[in-house]
Amino acid sequence: MKGRLFGVGVGPGDPELMTYKAVRIIKECQVLAVPARGRKHAVSYRIAAEMIENMEEKEFLDLDTPMTKDRQILDRNYENAAGRIIEELEKGKDVAYLTLGDPTIYSTYMYIHRIVKAKGYETTIISGIPSFCAAAARQDDSLVDRAEELHVIPSSYGIEAALNYSGTKILMKSASGISEVKRTLEEKDGNVNVKMIENCGMPEERIYERIEDVPEQAGYYSLLIVKESEKER
């Protein structure tokens, strides 16, 4: 009998935000996989390890993914990762691929998931709390009210046009170009309210209440919540 692949969302950073189902699936799987070079470099692994005992005793797949936008390099990496997972599935072992937040939102896992699924193996996605929902909760406010729209935007691909959308904008993947993102938002000249949270739910968490407070360099796990000013609503 072949094994099954689970894409497990471990939530945004606070181990207590992991779901019961995520914890159960990780406990039951014989093999753990992460998109990092070794357990100690995998944030998703460290989060889960705070809730699950003896994780170090499980078999481990190091599926490091290069930080590039080159599709050929990425596609080769995804194929290689899928191949290594399939080797374990063929042995009848279940594999839990641990990912931050929710696997369905800008997750490396999904590219691997589709390859494995297309080859006929059983795959299951275990939802996790998305980072932007946790960030809104940490700021003690909602993301949207009544008929307001919510837009989730990968800001590493440019945000100028997206900032004209009505409602609340979530700017993800901001870290590498945070200076440019900050300048673009400052040009809105008071028409938006901006808050940034870095490393939400982690010991290194930082919250910035105004765009002028946002640093010129930010950690990889940073996102901005951009709302229209009260007079624009």
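Figured I'd write up the structure that's included with this text. Fair warning: this is a prediction, and the values are worked out from it, not measured in the lab.

Next up on the list: the overall build of the chain. For the chain, the helix and strand inventory stands at 6 helices and 10 strands. Its C-alpha radius of gyration of 19 Å places the chain within 12% of the 17 Å reference for a compact globule of 233 residues. For the C-alpha atoms alone, the extent of the chain along its principal axes is close to 60 × 35 × 35 Å. Counting only contacts in the chain whose residues sit at least 6 apart along the sequence, the fraction spanning at least 24 positions is 68%. A total accessible area of about 12,500 Å² is found for the chain, and carbon and sulfur atoms account for 46% of it.

With that settled, the discussion passes to a nonpolar patch on the surface. Among the surface-exposed residues, Met 67, Tyr 220 and Tyr 221 lie close enough to one another that they form a single nonpolar patch of about 380 Å² accessible area. When you line up the elements, Tyr 220 lands in the loop between β9 (206-208) and β10 (222-228).

Taken as a whole and judged by the stated rule, the model has 13 salt bridges. The residue Glu 88 makes a salt bridge to Lys 91 at a minimum N-O spacing of 3.5 Å. For Glu 88, a relative accessible area of 9% puts it in the buried group. Residue Arg 210 pairs with Asp 213 through a salt bridge whose shortest N-O separation is 3.1 Å.

Quick look at helix α5 (residues 131-138) now. Within α5, the full set of buried residues consists of Phe 132, Ala 134, Ala 135 and Ala 136. In this structure, the buried side of α5 is in contact with β6 (150-154), β7 (168-172), β8 (192-198) and β10. Asp 140 occupies a position one or two residues after α5 and carries a positive phi of about 60 degrees.

The buried fraction of β10 is high, at 7 of 7 residues. Because side chains alternate across β10, one face comprises the buried residues Ser 222, Leu 224, Val 226 and Glu 228, and the other comprises Leu 223, Ile 225 and Lys 227, equally buried. Strand direction decides the pairing type here: β7 and β10, joined by 3 bridges, are antiparallel. Considered in β10, the bridge of Lys 169 is made with Val 226.

Turning next to the side chain of His 151. Its place among the elements puts His 151 in strand β6. Given the relative accessible area of 19%, His 151 is considered buried. Reaching out from His 151, the side chain makes a polar contact with the side chain of Glu 149 at a distance of 3.0 Å. Leave out the neighbours within four places in its chain, and His 151 touches Tyr 165, Ser 166, Thr 168, Lys 169 and Ile 170.

Quick look at the layout of surface pockets now. Approximately 1,600 Å³ is the volume attributed to the largest pocket. Lining the largest pocket are 49 residues, with Met 67, Tyr 106, Thr 108, Lys 173 and Tyr 220 positioned closest to its centre. Looking at the lining of the largest pocket, the elements that each hand over two or more residues are α2 (43-49), α3 (71-90), β4 (95-99), α4 (109-118) and β10. The element that contributes the greatest number of residues to the lining of the largest pocket is α3, accounting for 4 residues.

Conventions used here
Residues numbered from 1 in each chain as written. Predicted model: local features only at pLDDT ≥ 70, side-chain atom pairs only at ≥ 80, totals over all residues. Heavy atoms only, no water. Helix = DSSP H or I, 4+ residues; strand = E, 2+ residues; numbered from the N terminus. Rg over C-alpha atoms; globule rule 2.2 N^0.38 Å. Contact = heavy atoms within 4.5 Å. Areas by Shrake-Rupley, 256 points an atom, 1.4 Å probe, with all protein chains shown as cover. Patch = residues over 30% accessible without salt bridge, like charges linked within 9 Å, V, L, I, M, F, W, Y side chains within 5 Å. Salt bridge = Lys/Arg side-chain N within 4 Å of Asp/Glu carboxyl O. Buried < 20%, exposed > 50% of the residue type's maximum accessible area, 1.4 Å probe, protein only. Pairing = 2+ DSSP bridges. Polar contact = N/O pair within 3.5 Å; in protein donor to acceptor, adjacent residues only side chain to side chain. 1 Å grid on protein atoms, 1.4 Å probe; cavity = no way out; pocket = protein on both sides within 12 Å on 5 of 7 lines; lining within 4 Å. Points joined across faces, edges and corners; volume = space filled by probe spheres on them.

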